[in-house]
Each structure stands twice: as structure tokens, then as C-alpha cells.
Amino acid sequence: MSNPKVKINSIVNLSNDWYTLDKINFDYQTNNGTWQTQSRESYDRGDGAAILLYNSIKKTVILTKQFRMPSYLNANNDGMMIEVCAGLLDKNDPITCIIKEAEEETGYKISNPKKVLELYSTPGAVTEKIHYFIAEYNNDLKVSNGGGLEEEHEEIEVMELPFSKALKMISSGEICDAKTIILLQYAQIHKLI
Ligand SMILES: Nc1nc2c(ncn2[C@@H]2O[C@H](COP(=O)(O)OP(=O)(O)O[C@H]3O[C@H](CO)[C@@H](O)[C@H](O)[C@@H]3O)[C@@H](O)[C@H]2O)c(=O)[nH]1
Ligand SMILES: [Mg+2]
């Protein structure tokens, strides 16, 4: 943090249950040189990692389906979301995290994920940066059924879909998660599949 136009006055914690929500009071110098006092809320759940598993021979991708409460509260009728495999870093580095998440959620034990992007998803409200990866999968890498961790109450359906169908599901609105669309379009732009 080294912006001379920003002076943080106070950080007040509003919620500190599973993750933390803070209210930050700060002075911001506008372009005409005057200083304004502002406040913003910021939700910190750490950073995350996401991966598109694809098979360039079968022309398929692996996606997951699970219930997402915040989406349910905002117009997602049954709350189910189709997403690329993803997880929070917790204390791991992004590569260790995504290898672990891929096995837990999809059952594929990948070894060489390739990092392609690092993006803020909601920079006005959430601190989280997501590290984006891609990796080829095949039947030899399948070590379990995936599905997520029971102790974390995860119930994740693993979906293997033709890439062409996944792209159509973006147009139809069946796939409406940003990280998933970013990775599917990355694969399309770079002709991975
Ligand atoms: N009790 C409780 N448990 C929680 C809460 N939030 C998360 N958890 C638990 O923590 C687990 C986190 O699972 P991960 O697979 O590590 O994370 P994710 O939720 O899939 O996160 C991914 O997707 C998010 C949404 O797109 C991304 O924001 C995130 O970066 C990551 O990519 C959840 O399954 C759930 O068990 C909470 O508020 N309360
Ligand atoms: Mg997850």
C-alpha cells in the first residue's frame, strides 16, 4: 500500500465470524488536490484459485455443480451453480491449493497446472484475488469420484461436458459464474480444445 493520495484513518471490524468484514475510514485526495473523507466496507475471505480441466482429444471439460447461498439470495432460482473447480487458498500457495481442490472436488489428480491469469473479481467490495489455472485431464488421472469434503458439508456434482455444449450454456444463461466463463472463453480464444 503506497498511494500518497490515500490516508487510512481507521479500520473498524463489523463482523468476524467465518471471514472478516471491515469498515475503513480514509482520506482520498481528488484530482483537483482537495482531500475528501470516505468510508468503504471490505469483505476479506482470503484469495482463491480456479482451474479449467480440459481434454483436447475428447473435446470435453470438467465442471462442478453445487448450491451457492449468496446466488440463491439474488435471483438464482434453485441456488445451484455450474462452476469450474475452485477453492480458497487457506494457507497454501495457489498451485498446492488447486492440485488439492481438483482432487477433492473432481477426483482428478493433476500434477502440472498452468497459471494463466490472476484477477480481482469484485474489487469494490471483496479483497479476494483469484489465481486462474488450466490443465489437461484424462481417465488415467482419475483417482476418486470427487464430490468435495463431507466435513465441510460440500456436495459437489462432477460434470463432464462437451466444450461446445459448455459454450452454449454461457449463451443460454445456464452457466453464469464469472470465473467459469473467463476460463471457458480463455480456452476458446487460445484454441485449447
Ligand atoms: N460454516 C461456514 N462455512 C463456510 C462459509 N464459507 C465457506 N465455508 C466452507 O468453506 C468451504 C470452502 O470451499 P472451497 O472449495 O475452498 O471454496 P469455494 O467456496 O469453492 O470458493 C471458490 O469459489 C468462490 C466463489 O466463486 C470464490 O470466491 C473462491 O475464490 C473460490 O474460487 C465451503 O465448502 C464451506 O464448507 C461460511 O460462511 N460458514
Ligand atoms: Mg470449491
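Residues numbered from 1 in each chain as written. Chains lettered and ligands numbered in written order. Predicted model: local features only at pLDDT ≥ 70, side-chain atom pairs only at ≥ 80, totals over all residues. Heavy atoms only, no water.

### Quick notes on the UniProt feature "domain: Nudix hydrolase" (unreviewed entry) in the protein chain
Sites flagged by UniProt as "domain: Nudix hydrolase" (unreviewed entry) map to residues 44–183. Segment residues 44–183 splits into 24% helix and 33% strand. End C-alpha atoms: 24 Å apart. (UniProt positions renumbered as here; feature names shortened; annotations may be inferred. Helix = DSSP H or I, 4+ residues; strand = E, 2+ residues; numbered from the N terminus.)

### Notes on the sheet that holds strand β1 (residues 6–16)
Spatially, the 3 strands line up as an open sheet ordered β1-β2-β3, and their pairing is antiparallel. Each edge of the open sheet is held by one strand with a lone partner, namely β1 and β3 (35–44). Each strand of the sheet is rotated relative to its neighbour by a mean of 20°, with strand direction disregarded. Sheet topology places β1 next to strand β2 (residues 20–29); 9 bridges connect them, and they run antiparallel. Residue pairing across strands places Val-12 opposite Lys-23, the latter belonging to β2. (Pairing = 2+ DSSP bridges. Axes fitted to C-alpha atoms, helices over the stretch in contact; angles between N-to-C directions.)

### So, the site of ligand 1
The local shell around ligand 1 holds 16 residues, among which Arg-68, Leu-88, Glu-128, Glu-152 and Lys-179 are the closest. Within the contact set of ligand 1, a nitrogen atom lies 3.4 Å away from a side-chain nitrogen or oxygen of Trp-18. At a separation of 3.2 Å, an oxygen atom of ligand 1 approaches a polar backbone atom of Ala-86. Burial of ligand 1 by the protein amounts to 72% of the accessible area it has alone, namely 760 Å². Comparing atom positions with the cavity grids shows ligand 1 to sit within the largest pocket. Put simply, the parts of the chain that give the shell around ligand 1 at least two residues each are β4 (48–55), β7 (85–88) and α2 (94–106). In terms of residues, the shell around ligand 1 owes the most to one element, β7, which gives 3 residues. (Near = heavy atom within 4 Å. Polar contact = N/O pair within 3.5 Å; in protein donor to acceptor, adjacent residues only side chain to side chain. Areas by Shrake-Rupley, 256 points an atom, 1.4 Å probe, with all protein chains shown as cover. 1 Å grid on protein atoms, 1.4 Å probe; cavity = no way out; pocket = protein on both sides within 12 Å on 5 of 7 lines; lining within 4 Å. Sits in = over half its atoms within 2 Å of the grid points.)

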